[in-house]
Amino acid sequence: MNKVKCLIIGSGPAGYTAAIYASRANLQPVLIEGPQLGGQLTTTTEVENFPGYPDGVEPFTMMDDMRRQAERFGTTFVSGIVTKVDFSVSPKKVIVEDEQEYEADAVIIATGASAKYLGIESERTYKGRGVSACATCDGFFYRKKTVAVVGGGDTACEEANYLAGLCEKVYMIVRKPYLRASEIMQQRVLNNPKIEVLFEHNTIQLTGEGKVQGADLVYRKGEPDEELRHIDIDGFFLAIGHHPNTELFKDYLHRDAEGYILVEGDSPRTNIPGVFAAGDCADPHYRQAVVAAGSGAKAAIEADKYIKSL
Ligand code: NDP
């Protein structure tokens, strides 16, 4: 049994910022790093909108900077995945990898969100054999090939642009007649001669012998001019949003219909005193690294206040 004042779950911008603040407040925090060190940001190519990096920054560099800053003030890092929690007791219990048990006065949840899949059968069949939810991780395997990116948001545009730098051709499969992405990202996509946007298309299934070789699409589904179409592709990249990683806490914390942890107003306080939520696990709206970092700071300040009140 390890007894700590402040335990932080998650190693994205929210978790690391909470750790910087908590360690500077002398809470000697322990941060459980989880399955994806550095969080979702590390699946992107370049961060251009985090203040303080006027020339942009490589995401691993930025996350490593944050980690080192937290380490400098005394954060202890534990690699592993939290498998169980008990928030019905005080101090709160957190179990890592089914064996290491922690008791914490305050817990900051910064578990982020994970990529969504379409839910079609063939997506599972070809997972790891042409289907991916991370262009930065897997794009390299598709050099000079043809790929498709599903989605019309900022992530999809970013992935399509990145893949266009490697691939022969990139299709974007967009279900609406327009892109939802920010203006600058839309322009980059629409001005890229390697990217062809297929508006009003939905994917029915993926095809291929042992790996993805094509996709069957439907154009203007349910309309009088509905049409079946086929594209030849080697890779199929999902970029249709995320769902929050909060299942573990469902017996204790109030969540919305999509699973985002509900917090009190614009504070990081959950329905359980001493348990705080920061970053994308509690943010269905903004989902930005800088916003997550800000909420991590708030969570640590609140945790400090809570611990001092005990
Ligand atoms: P979004 O929710 O913004 O976009 C998801 C896209 O996927 C939409 O075009 C949506 O279509 C489409 N989609 C959802 N479900 C399906 C489905 N079942 N079939 C087909 N298409 C589907 O998610 P993002 O991940 O792109 O962005 C999340 C947030 O992160 C946003 O706030 C975004 O601005 C931000 N972000 C910012 C970046 C930056 O500033 N550099 C980079 C990446 C993300 P529809 O429009 O029809 O709903």
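No experiment lies behind these values; they were computed from the predicted model shown. (Residues numbered from 1 in each chain as written. Predicted model: local features only at pLDDT ≥ 70, side-chain atom pairs only at ≥ 80, totals over all residues. Heavy atoms only, no water.)

Brief notes about the sheet that holds strand β15 (residues 235–238)
Stage number 1. With parallel pairing, the 5 strands of this open sheet are ordered in space as β8-β15-β9-β10-β11. Each edge of the sheet is formed by a strand with only one pairing partner; in this case those strands are β8 (131–132) and β11 (195–199).
Stage number 2. Both strand β9 (residues 146–150) and strand β10 (residues 169–174) contribute to a ladder of 5 bridges, which runs parallel. Its bridge partner lying in β10, Val149 is registered against Met172. (Pairing = 2+ DSSP bridges. Helix = DSSP H or I, 4+ residues; strand = E, 2+ residues; numbered from the N terminus.)

Side note on the sheet that holds strand β12 (residues 201–207)
Stage number 1. Spatial ordering of the open sheet is given by β12-β13-β14, a layout of 3 strands whose pairing is antiparallel. Strands at the two margins of the open sheet, each flanked by one partner only, are β12 and β14 (227–232). Neighbouring strand axes in the sheet, compared pairwise and without regard to direction, differ in orientation by 25° on average. (Axes fitted to C-alpha atoms, helices over the stretch in contact; angles between N-to-C directions.)

Description of the site of the ligand
Stage number 1. Close to the ligand lie 18 residues; Gly152, Asp154, Thr155, Lys176 and Arg180 are nearest.
Stage number 2. A distance of 2.6 Å separates an oxygen atom of the ligand from a polar side-chain atom of Thr155.
Stage number 3. With 3 residues, helix α5 (residues 154–164) is the single largest residue contributor to the shell around the ligand.
Stage number 4. Looking at the shell around the ligand, its residues break down into 4 nonpolar, 8 polar and 6 charged.
Stage number 5. Mapping the shell around the ligand onto the domain boundaries places at least three of its residues in each of domain 1 (2–114 + 242–309) and domain 2 (117–238). (Near = heavy atom within 4 Å. Polar contact = N/O pair within 3.5 Å; in protein donor to acceptor, adjacent residues only side chain to side chain. Nonpolar A, V, L, I, M, F, W, Y, C, P; charged D, E, K, R; others polar. Domains from an automatic or database assignment.)

Examining the domain arrangement of the protein
Stage number 1. Taken domain by domain, the protein consists of domain 1 (2–114 + 242–309) and domain 2 (117–238).
Stage number 2. The gap between the C-alpha centroids of domain 1 and domain 2 is 32 Å.
Stage number 3. Opposite the 5 residues of domain 1 that make contact, domain 2 presents 8 residues.
Stage number 4. Between domain 1 and domain 2, the buried area comes to about 480 Å², and carbon and sulfur atoms account for 47% of it.
Stage number 5. Looking only at domain 1, the three residues that lose the most surface to domain 2 are Thr43, Thr44 and Thr45, adding up to 70% of its buried area.
Stage number 6. In this structure, Glu48 and Arg188 form a salt bridge, with 3.4 Å as the shortest nitrogen-oxygen distance.
Stage number 7. In this structure, the connection of domain 1 to domain 2 is made through 1 residue pair in polar contact (both at pLDDT 80 or more).
Stage number 8. Looking at the side of domain 1 that touches domain 2 residue by residue, the classes come out as no nonpolar, 4 polar and 1 charged. (Contact = heavy atoms within 4.5 Å. Buried area = accessible area lost by both parts, 1.4 Å probe. Salt bridge = Lys/Arg side-chain N within 4 Å of Asp/Glu carboxyl O.)

A short note on the nonpolar core
Stage number 1. Counting 32 residues, the largest nonpolar core has Cys6, Ile8, Phe50, Met62, Ile108 and Phe276 as the members making the most contacts within it.
Stage number 2. Elements with a minimum of two residues in this core: β1 (2–9), α1 (13–24), α2 (59–72), β6 (100–109) and α7 (289–309).
Stage number 3. Non-local contacts of Ile8, meaning those with residues more than four positions away in its chain, are made with Gly15, Ala18, Ala19, Pro29, Val30, Leu31, Ile32 and Ile108.
Stage number 4. Ranked by size, the runner-up nonpolar core spans 23 residues in total, among them Phe87, Val94, Phe249 and Ile261. (Core = buried A, V, L, I, M, F, W, Y, C linked by side-chain atoms within 4.5 Å. Buried < 20%, exposed > 50% of the residue type's maximum accessible area, 1.4 Å probe, protein only.)

Some words on the environment of Lys221
Stage number 1. Tracing the chain through its elements places Lys221 in the loop between β13 (214–219) and β14.
Stage number 2. A C-alpha to C-alpha distance of 41 Å links Lys221 and Ser295, two positions 74 residues apart in sequence.

A short note on the packing of aromatic side chains
Stage number 1. By the definition in use, this model includes 7 aromatic pairs.
Stage number 2. Here Phe276 and Tyr306 contribute two aromatic rings whose centre-to-centre distance is 6.3 Å and whose plane-to-plane angle is 75°, an arrangement assigned as edge-to-face. You can see Phe276 sitting in strand β17 (residues 275–277) and its partner Tyr306 sitting in helix α7, a full 30 residues away along the chain.
Stage number 3. Given a relative accessible area of 3%, Phe276 falls into the buried group.
Stage number 4. Three or more aromatic residues link up through ring pairs in this structure, and these residues are Phe87, Phe249 and Tyr252.
Stage number 5. It is Arg24 that lies over the ring of Phe73; its NZ or CZ is 5.0 Å from the centre.
Stage number 6. One Lys or Arg, Lys127, reaches over the ring of Tyr117 and ends 4.7 Å from the middle of that ring. (Phe/Tyr/Trp six-rings, centres within 6.5 Å; stacked < 30°, edge-to-face > 60°. Lys NZ or Arg CZ within 6 Å of the ring centre and 35° of its normal.)

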